[in-house]
Amino acid sequence: MQRRLVPTLLFCVVAGIYALTINPDPSPDAWTAEFAAHHIALTGDPVPDIADFPLLDDNIIRETWIVETADGREAVGRAPGVIAAVVPAYALARGATVSPVPGGLTAAVLSAAAVVLFFLLLRDRVGTRRSLVAAGLLAFATPVWSVSADAIWPHTLTTLGILGTAWAADRGRWWLVGAFGGVMLWGRLHAAVICAVVGLGVAWSRRRPDVAWRVGTVAAASLALASAWTRWMYGSWDPTSGYRAGDFASGAAGYALDPLNHLGFVLSADRGLLWWCPLLLVLGPSAWRRRRELPDWSRWLAAGGASYVVSQAVLNRFSGGDHFYGYRTSLELVVCLAPALALASPWLSARAQRWFVPVAVLQVVLIAPGAIADDFYSPVRDVWWRNAFVDALVRRPGELLPLVALTMVVTLLVVRLLHTEWSAVRGCAPPSQTGAWPVPPTTGSHRPGRTSG
C-alpha cells in the first residue's frame, strides 16, 4: 500500500501544479493542434476549414502550421501524436469553441505521468528520498514544466516516451520499450533515433539480438500507425506529411556544418543548456566517472539523446522559435541524461555535494517564473545575447521578484523538510534503500526478473 501511495501522491501534486499553471495563450504550435483536435472530436473529419481559425490569418508565418492534403485542401500540419493526444479531452469537453484548457490539461497529465515513471525507475535503485528529489528537479527545474506541461507541444509526447523507455528498459520489458519509442516518434518523428539507439545498444552490449527485435517490431508498428494517421488526415502514407519536409531538407543544407547553430544549443543566452541547467556541471562529472557502473540502458539512453540533438541541429536551427520559456529543442537531451545523472548521485564528490543544494534551488528559481507567468519570452532574433529571466529582472522586476521570492520560500521549505527527515532517520535507524540516503546502486541490485527479457 505504501509503495503505491508515494507515487500516487507525487502524481497528484505534480499534475495539480502543472494544471494550475497551464498557458492561457499558448504558441500557435499548440493552438493549431488544439484546433485540429477540437474539429476531429466534434465532427470526425480530419481536415477543418482553416478559415474558421483567424489566429492563423493574423500571423506573418502562417504557412509554418499549414500543409496541403493530397486533394489540395489546407490542413493543420502537426505531428500525429500532438493532435491525437488532445482528441479525447475535447470529446469529453464537447465545447463549441477551441480552448487552451483541454490541451493544457492533457499536457499536464501526460507530463506528470512521465515524472512518476522517472520516480519509479529510480526508487528501487537509489531509495525513495533521493528519487523524490530527482523527480522534483526534473519536474520543476527544467522546461518539462515551462514547455511540456505548459501546452500540448511535441515535447509532451517525447518526454513521456523517453522516461517510459527508461522505466521499461530498467525492468527488461523490451516490448514496452518499443511502445514508448512509438510514443516518441508520434510526438516527433526523428525522436525515433533515441529508441533505436537504446534497442540496438542494449542488444549489442548484452549480446541479445532478441532485444533489438522486440523493440524494433513494436516501434515499427507504431510507425505504421503514424503512416495510417497521415493517410487519413492528409491523404498520404508518408509519415512526414504533417510537416513540410522540404523545409527540413533545406535546413539540413544550411545548418549541418554551421558551428554557431551547434554551439547555440549549449551557449546561447536564452536557449543554451548551461544557462538554464547548471546542475549538468555539478552532476555530470560523477556520472561520467562512474559510467561503467551505471545500467547499460542508461548509457545508451544518454547516447540516444546526444544523437537526437545532433539530428535536430542538422535539420533545424537551435533556437526553436518563439513563445516559450527556457530551452526547448534540447529538452529531450536533458530528459535522456536524467536517469544516468540521478543514478550516479550517490557517488557525488564532496565539492559537488556542497554545490548541489544551492545550484538546484537556483535552477528551480530560474524555471518557475516563466512556467507560472507564461509571458516572459525573448524574441528569437535576440536569443544569443538576451535571457528571458534576466530581461524580466531588469524590465519587469515588479512582476518577477514576487515569483522569485515565492519560489525561493517554497523550495527552501522543501529542502528543509527533506533535511529534517533525513536527520531524523539517520539518528534513529540505519539507512534503508526505501527511506533514506542510499548506497551506490549496482546493476545487480534488482529483485529477480527485473532484467529478464
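As the structure is a computational prediction, the values presented were derived from the model and not from experiment. (Residues numbered from 1 in each chain as written. Predicted model: local features only at pLDDT ≥ 70, side-chain atom pairs only at ≥ 80, totals over all residues. Heavy atoms only, no water.)

Q: I tried to follow the overall build of the protein on my own but got confused; where do I start?
A: A count of helices and strands for the protein gives 21 helices and two strands. Each of the 453 residues in the protein was classed as buried or not, and the buried ones make up 53%. A total accessible area of about 19300 Å² is found for the protein, and carbon and sulfur atoms account for 68% of it. (Helix = DSSP H or I, 4+ residues; strand = E, 2+ residues; numbered from the N terminus. Buried < 20%, exposed > 50% of the residue type's maximum accessible area, 1.4 Å probe, protein only. Areas by Shrake-Rupley, 256 points an atom, 1.4 Å probe, with all protein chains shown as cover.)

Q: Explain the pattern of salt bridges here, please?
A: Side chains carrying opposite charge are able to pair once their charged atoms draw close together. Counted according to the given criterion, the structure contains 15 salt bridges. For D391, the salt bridge is made with R386, and the minimal N-O distance between the two is 2.7 Å. For the pair formed by D391 and R386, the shared burial category is buried. With a shortest N-O distance of 2.8 Å, R396 and E399 are connected by a salt bridge. With relative accessibility at 23%, the residue R396 sits in the partly exposed group. Taken together, the salt bridges that share partners define one network made up of R381, D382, R386 and D391. (Salt bridge = Lys/Arg side-chain N within 4 Å of Asp/Glu carboxyl O.)

Q: Can you walk me through the packing of aromatic side chains in this structure?
A: In this description, an aromatic ring pair is defined by two values, namely the gap between the centres and the angle between the planes. Under the defined criterion, the tally for this structure stands at ten aromatic pairs. Where W204 meets W300, the ring centres are 6.4 Å apart and the plane angle is 85 degrees; that geometry is what we call edge-to-face. With W204 in helix α11 (residues 192–205) and W300 in helix α17 (residues 296–315), the pair connects residues that are 96 residues apart, well separated along the chain. Judged by its relative accessible area of 57%, W204 is exposed. (Phe/Tyr/Trp six-rings, centres within 6.5 Å; stacked < 30°, edge-to-face > 60°.)

Q: Help me out: how do you make sense of the confidence of the model for the protein in this one?
A: Should pLDDT be low for a region, the predicted coordinates there are not to be read in detail. Overall, the predicted model of the protein reaches an average pLDDT of 87, with 87% of residues at or above 70. Low pLDDT (under 50) marks residues 422–439, which in the prediction has 27 contacts with non-local residues, meaning those over four places away or in another chain. pLDDT under 50 marks residues 442–453. Its contacts with residues more than four places away, or in other chains, come to 28 contacts. (pLDDT = per-residue confidence, 0-100. Contact = heavy atoms within 4.5 Å.)

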